Amino acid sequence: MAPEKLTEYERKRLENIKRNEEMLAALKVHAKASDLSAASKRQRVEIKAYKVSPQKKSKPETPIVLRRSLRTQGMQPDSKGLSDHSVASDPKTSKSVSPKKSSAMTGPLSFKNAYVETGTFVSLVDVFLSVAKKPHFGEIKEEFNASLDYEMKPKVGVSVSVKEDGVKACKDENLGFVIKDEFNGFKTCKDEGLGVGSCDLIKGVVKTEKIEVGSCVDIGSLTLKPENIARIMPGRITQMKFLPCSDVRMVVAGSKLGNITFWNLDSQQDEDSGIYLFHTHLGPISGIVTQQYCLSKIFTSCYDGLIRLMDAEKEVFDLVYSSEYAVFSLSQQPNNVNTLYFGEGQGGLNIWDVRSRKSATEWLLHEARINTIDFNPRNPNIMATSSTDGTACIWDLRSMATDKPEPMKVLSHKRAVHSAYFSPSGSSLATTSFDDTIGIWSGVNFENTSMIHHNNQTGRWISSFRAIWGWDDSCVFIGNMTRTVEVISPAQRRSVATLQSPYISAIPCRFHAHPHQVGTLAGATGGGQVYVWTSD
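Source: prediction; values computed, not measured. (Residues numbered from 1 in each chain as written. Predicted model: local features only at pLDDT ≥ 70, side-chain atom pairs only at ≥ 80, totals over all residues. Heavy atoms only, no water.)

A. Quick peek at the side chain of Asn456. Note that Asn456 resides in the loop between strand E32 (448–453) and strand E33 (468–469). Classification of Asn456 by relative accessible area gives buried; the value is 1%. At 3.4 Å, the side chain of Asn456 and the backbone oxygen of Thr437 are in polar contact. Setting aside residues up to four positions removed in sequence, Asn456 forms contacts with Thr432, Ser433, Phe434, Asp436, Thr437, Phe465 and Ile478. (Helix = DSSP H or I, 4+ residues; strand = E, 2+ residues; numbered from the N terminus. Buried < 20%, exposed > 50% of the residue type's maximum accessible area, 1.4 Å probe, protein only. Polar contact = N/O pair within 3.5 Å; in protein donor to acceptor, adjacent residues only side chain to side chain. Contact = heavy atoms within 4.5 Å.)

Below you can see the structure in the form of structure tokens.
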């Protein structure tokens, strides 16, 4: 069959297509488009991850009972309603009742029974035992009013003091002499004999957006390396802290599923990823506190109403406290290892004596649950609490009445306050609220207020943002919905820098600055990942 003749329109159409293809080939458009597509793809790197040992699901011993309504069974509904005694007058309402606990979870848990990963936890125990025998608490004493001292924890062997004349003196205990220096209004520490810095607490001026910000670390030097990224647990991370140790970089994190994970970033074993996953609770982890003078003991609290003490020497998660009400926050007063402070139920604060295992005091401080508890590093008797009732309060523990305690200061927001943390100097307080603001409260009586706008609408799948202070009072760190980390200057009342990386695949929402290694910052996500920035 003879081919059909092309019409004039079809012939011109084919000529146009041929001419356009020659033009695109001459311009190399296809090659450039493929290069652009490859460059725009998110860079993926192989990261460390936990490995859960496979376990067969055991059949339930008791048969599953299906609930059926009376209406479908043709029966009349019960119209008696609730009895009078079912409405509790206790401030710990039914909304804060913890989930039911199995008999296996209401007592001590051994490491062997709680460990859910493949491999062994022997390396973890060895690390804890090694750091527990060494002192890790150096002191920085700063005299702001020539009478008030507070303690911080820099590198071992270095102590720094600031006198009223504003000149910082750095003393290296190994060298045995004191050096004073000033540079462009910012204090630096130098070793006159060697000509190099012997104290890296103060590095000078940080330039961000052509603005000078005094900080103890160059924000621009914080980098995220692939080896410092790991998926350490399943589910959303709700709590995360660095082990306050100068020799080992270890992250301790808790998840919504009740898991506790230890990630040793300095693990050198090829077969060991340095990640150790334990299942110790039945609900979201609400607090992690390391015993101040014994790093091998760590307290954890949970919405299931339990507080446990991990003891690496005994290889056990001991049960310290059990309640029918949820525990929403946990903290410990500096230099007081025998007392725990935790928020229980709807607005209650419980002070627990660890030695006698009894409650020393119970107060009703807020109308809704207490999200965070923090103590002033300059004066540990000053405590700050944040609550879902839309307020953050500052309390003086020395003058609180037994029946109706009154706060020193009430800091109000329009919606729930997720966190309230004192600055390292104790002179400022940073609050984070669901009303899309970060509050900076400063002054002698915290009367100076700065409200900085920030999008805090994280949704249901991401833990709420909580702004934390860095290693001094110059900046706070907080997550961003654009997969970045905002660095906010309280003095300038705005964001002055952004930490971003192609390796970030999720939104960091919870942060912690390493108390002993200046420039080491950890951020946790809703997918169980942890990112650790370090200063080069």
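B. Just the nonpolar core, in detail. In this structure, Ile219, Phe477, Val487, Leu499, Leu521 and Trp533 are the most contacted members of the largest nonpolar core, which totals 37 residues. Among the elements of the structure, strand E12 (222–231), strand E31 (437–442), E33, strand E34 (476–480), strand E35 (484–489), strand E36 (494–499), strand E37 (508–513) and strand E39 (529–535) are those that each provide at least two residues to this core. Beyond its immediate chain neighbours, meaning those up to four positions away, Phe477 contacts Ile219, Leu222, Arg466, Ala467, Ile468, Gly470, Trp471, Val485, Glu486, Val487, Leu499 and Leu521. In terms of nonpolar packing, the next biggest core, distinct from the first, is built from 28 residues, Val127, Phe128, Leu243 and Leu295 among them. (Core = buried A, V, L, I, M, F, W, Y, C linked by side-chain atoms within 4.5 Å.)

C. Summary view of the sheet that holds strand E13 (residues 237–242). Here we have 4 strands laid out as an open sheet, ordered E13-E14-E15-E16, and antiparallel in their pairing. Each having just a single partner strand, E13 and strand E16 (275–279) make up the two edges of the open sheet. Here the average twist between neighbouring strands, direction ignored, is 15 degrees. Pairing between strand E15 (residues 259–264) and E16: 5 bridges, direction antiparallel. (Pairing = 2+ DSSP bridges. Axes fitted to C-alpha atoms, helices over the stretch in contact; angles between N-to-C directions.)

D. Structural view of the pattern of salt bridges. According to the stated counting rule, one finds 5 salt bridges in the structure shown. A salt bridge links Glu8 to Arg11; its shortest N-O distance comes to 1.7 Å. Taken as a pair, Glu8 and Arg11 lie in helix H1 (residues 8–27) at a separation of 3 residues, close to a single helical turn. Residue Arg249 pairs with Asp266 through a salt bridge whose shortest N-O separation is 3.1 Å. Residue Arg249 is located in the loop between E13 and strand E14 (250–255), and its partner Asp266 is located in the loop between E15 and E16; the two are separated by 17 residues in the primary sequence. Under the relative-accessibility criterion, Arg249 is labelled buried at 16%. Residue classification places Asp266 among the partly exposed positions, given a relative accessible area of 26%. (Salt bridge = Lys/Arg side-chain N within 4 Å of Asp/Glu carboxyl O.)

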